[in-house]
Amino acid sequence: MILELLYVGFVVEDVDHTRRVFRDLLGMSGERMDADSYLGTAKGARLAFPNNCWLYVMESQQPGSPPFEFMSKRGPGLERVAFLTDDVDAEFERVRQAGVPLGGEALVHTPQGRRFAVPGDHLNGVTVELLQPAPGVWDFAAPDPGSGVLGLQHIGVAVRDLEATASKFGRLLDLHARELRTDQHGGEQKDVMIEPGNDRLWLHVTESWGENARVRQFLDEKGEGLEHLCIEVADIRDAVVRVTGQGVPIFENKIYTNRPDGFEAFIYPQHSTGVTIELIEPYPTSRGYRPRK
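What you see is a predicted model; the values in this text were computed from it and never measured. (Residues numbered from 1 in each chain as written. Predicted model: local features only at pLDDT ≥ 70, side-chain atom pairs only at ≥ 80, totals over all residues. Heavy atoms only, no water.)

Some remarks on the overall build of the protein chain
So, point 1. Each helix and strand counted, the protein chain has six helices and 15 strands in total.
So, point 2. Relative to a compact globule of 293 residues, whose C-alpha radius of gyration would be 19 Å, the protein chain shows 18 Å and is just as compact.
So, point 3. Projected onto the principal axes, the alpha-carbon positions of the protein chain cover approximately 50 × 40 × 40 Å.
So, point 4. Residue burial in the protein chain is summarised as follows: out of 293 residues, 54% are buried.
So, point 5. Summed over all atoms, the accessible surface of the protein chain reaches about 12,700 Å², with 48% contributed by carbon and sulfur.
So, point 6. Between the centroid of the 31 positive side chains of the protein chain and the centroid of its 44 negative side chains there is a distance of 2 Å. (Helix = DSSP H or I, 4+ residues; strand = E, 2+ residues; numbered from the N terminus. Rg over C-alpha atoms; globule rule 2.2 N^0.38 Å. Buried < 20%, exposed > 50% of the residue type's maximum accessible area, 1.4 Å probe, protein only. Areas by Shrake-Rupley, 256 points an atom, 1.4 Å probe, with all protein chains shown as cover. Lys, Arg positive; Asp, Glu negative; His and termini not counted. Charge placed at Lys NZ, Arg CZ, Asp CG, Glu CD.)

Notes on the packing of aromatic side chains
So, point 1. As enumerated under the stated definition, the model contains seven aromatic pairs in all.
So, point 2. Look at Phe92 and Phe116: their rings are 5.0 Å apart centre to centre, the planes differ by 80°, and that puts the pair in the edge-to-face class. Here Phe116 lies in strand 7 (residues 113-118) and Phe92 lies in helix 3 (residues 88-97), a separation of 24 residues in the sequence.
So, point 3. For the ring pair Tyr256 and Phe266, a centre distance of 6.1 Å and an interplane angle of 80° mean the geometry is edge-to-face. (Phe/Tyr/Trp six-rings, centres within 6.5 Å; stacked < 30°, edge-to-face > 60°.)

Some points on helix 4 (residues 162-173)
So, point 1. The end-to-end C-alpha separation of helix 4 is 16 Å, in line with the 16 Å expected for twelve residues at 1.5 Å each.
So, point 2. Turning to helix 4, its buried residues number three or more, namely Leu162, Thr165, Ala166, Phe169, Gly170, Leu172 and Leu173.
So, point 3. The opening residue of helix 4 is Asp161, an N-cap whose side-chain oxygen sits 3.3 Å from the backbone nitrogen of Glu163.
So, point 4. Looking one or two places after helix 4, you find Asp174, whose phi comes out positive at around 60°. (Expected span 1.5 Å × (residues − 1). Polar contact = N/O pair within 3.5 Å; in protein donor to acceptor, adjacent residues only side chain to side chain.)

Re unusual backbone geometry
So, point 1. With a phi close to 50°, Arg200 is a non-glycine residue in the positive phi region.
So, point 2. Assignment of secondary structure puts Arg200 in the loop between strand 11 (189-194) and strand 12 (202-208).
So, point 3. What makes Arg200 partly exposed here is its relative accessible area of 29%.
So, point 4. Phi at Asn253 is positive, roughly 55°, even though this residue is not glycine.
So, point 5. Topologically, Asn253 is positioned in the loop between helix 6 (236-245) and strand 14 (263-267).

Quick notes on the side chain of His154
So, point 1. Position of His154 among the secondary structure elements: in strand 9 (residues 149-158).
So, point 2. On the accessibility criterion, His154 (4% relative accessible area) is buried.
So, point 3. A polar contact is formed between the side chain of His154 and the side chain of His228, at a distance of 3.1 Å.
So, point 4. Excluding its chain neighbours within four sequence positions, the residues that come into contact with His154 are Leu201, Trp202, His204, His228, Leu229, Cys230 and Glu278. (Contact = heavy atoms within 4.5 Å.)

Remarks on the pattern of salt bridges
So, point 1. Tallying each qualifying case throughout the model produces 26 salt bridges.
So, point 2. Where Glu31 meets Arg46, a salt bridge forms, and the shortest distance between an N and an O atom there is 3.2 Å. Here the residue Glu31 occupies a position in strand 2 (residues 31-33), and Arg46 occupies one in strand 3 (residues 43-49), the gap between them amounting to 15 residues.
So, point 3. According to the relative accessible area criterion, Arg46 is buried, its value standing at 9%.
So, point 4. Salt-bridge contacts for Lys190 lead to Glu207; the nearest nitrogen and oxygen are separated by 3.8 Å. (Salt bridge = Lys/Arg side-chain N within 4 Å of Asp/Glu carboxyl O.)

Re the sheet that holds strand 2
So, point 1. Read across the open sheet, the eight strands follow the order 2-3-4-1-5-8-7-6; overall the sheet is mixed. What marks the edges here is a single partner per strand, and that holds for strand 2 and strand 6 (108-110). Strand-to-strand twist in this sheet, taken as the mean axis angle between neighbours without regard to direction, amounts to 30°.
So, point 2. Note: strand 1 (residues 2-11) against strand 5 (residues 77-85), eight bridges, orientation antiparallel. Looking at strand 5, one finds that Gly9 is bridged to Arg80.
So, point 3. In this fold helix 1 (residues 15-26) packs onto strand 1, strand 2, strand 3 and strand 4 (53-59), with an angle of close to 20° to the strand it touches most, strand 3. (Pairing = 2+ DSSP bridges. Axes fitted to C-alpha atoms, helices over the stretch in contact; angles between N-to-C directions.)

In structure tokens, the structure reads:
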């Protein structure tokens, strides 16, 4: 059974530069990680969120490794999501029974635990890693509460066929979509939530046909896959002041106040080393709202 999201893999050109950017813009300092031979990373960093997951910033110079190949084909961006499971053998068998041609060598023992990956071409561009961890390996300190970051709220997944993608996640991973919306962005977008088990966190799977929609542009430029991170903040105004105080603009120089999920602002990839970042302060009536203490 999948228990929760462990990390989102973010392939970048320079791990140290990305750490500085996230520290300056969001107050997320992060910590260095050792090389991971399974992923082929020479350098890595962990940027932790309060809801028990992190952004895994990865740099690789190893040809043939997943991060290196991703960078070569698509440039910097979100390469994978990794889920914790309490029975990696059962997950492996389910994926194989669903028709994904994984050989026995795909399930490997590593210092971090037993793990395997479902390649993105079987899940509409989303590489999914399943991991049953070794005891204590993935323990990490909670992030600084003074940053104003309350959690990773969702990960945007841009797809061309919402129903087909949702069906694959259910069949391969036993993660089932809910809360279908068909009226988003003037009726030119539909989406669903897929929740892996973390507190107020979901995959936001989106199909968009709006000519000028961000999701549509991402699909045209890079194809299906992980498109953006949505980070919940305690105060959207404070977060925007921090970002713009570093000389970084937010999209259209405004906070959106007319969206159903809360107050929103966007940092575009050229200012964040490769990923669109949505900042959100949900309304008390919004899905995913966490009551303030």
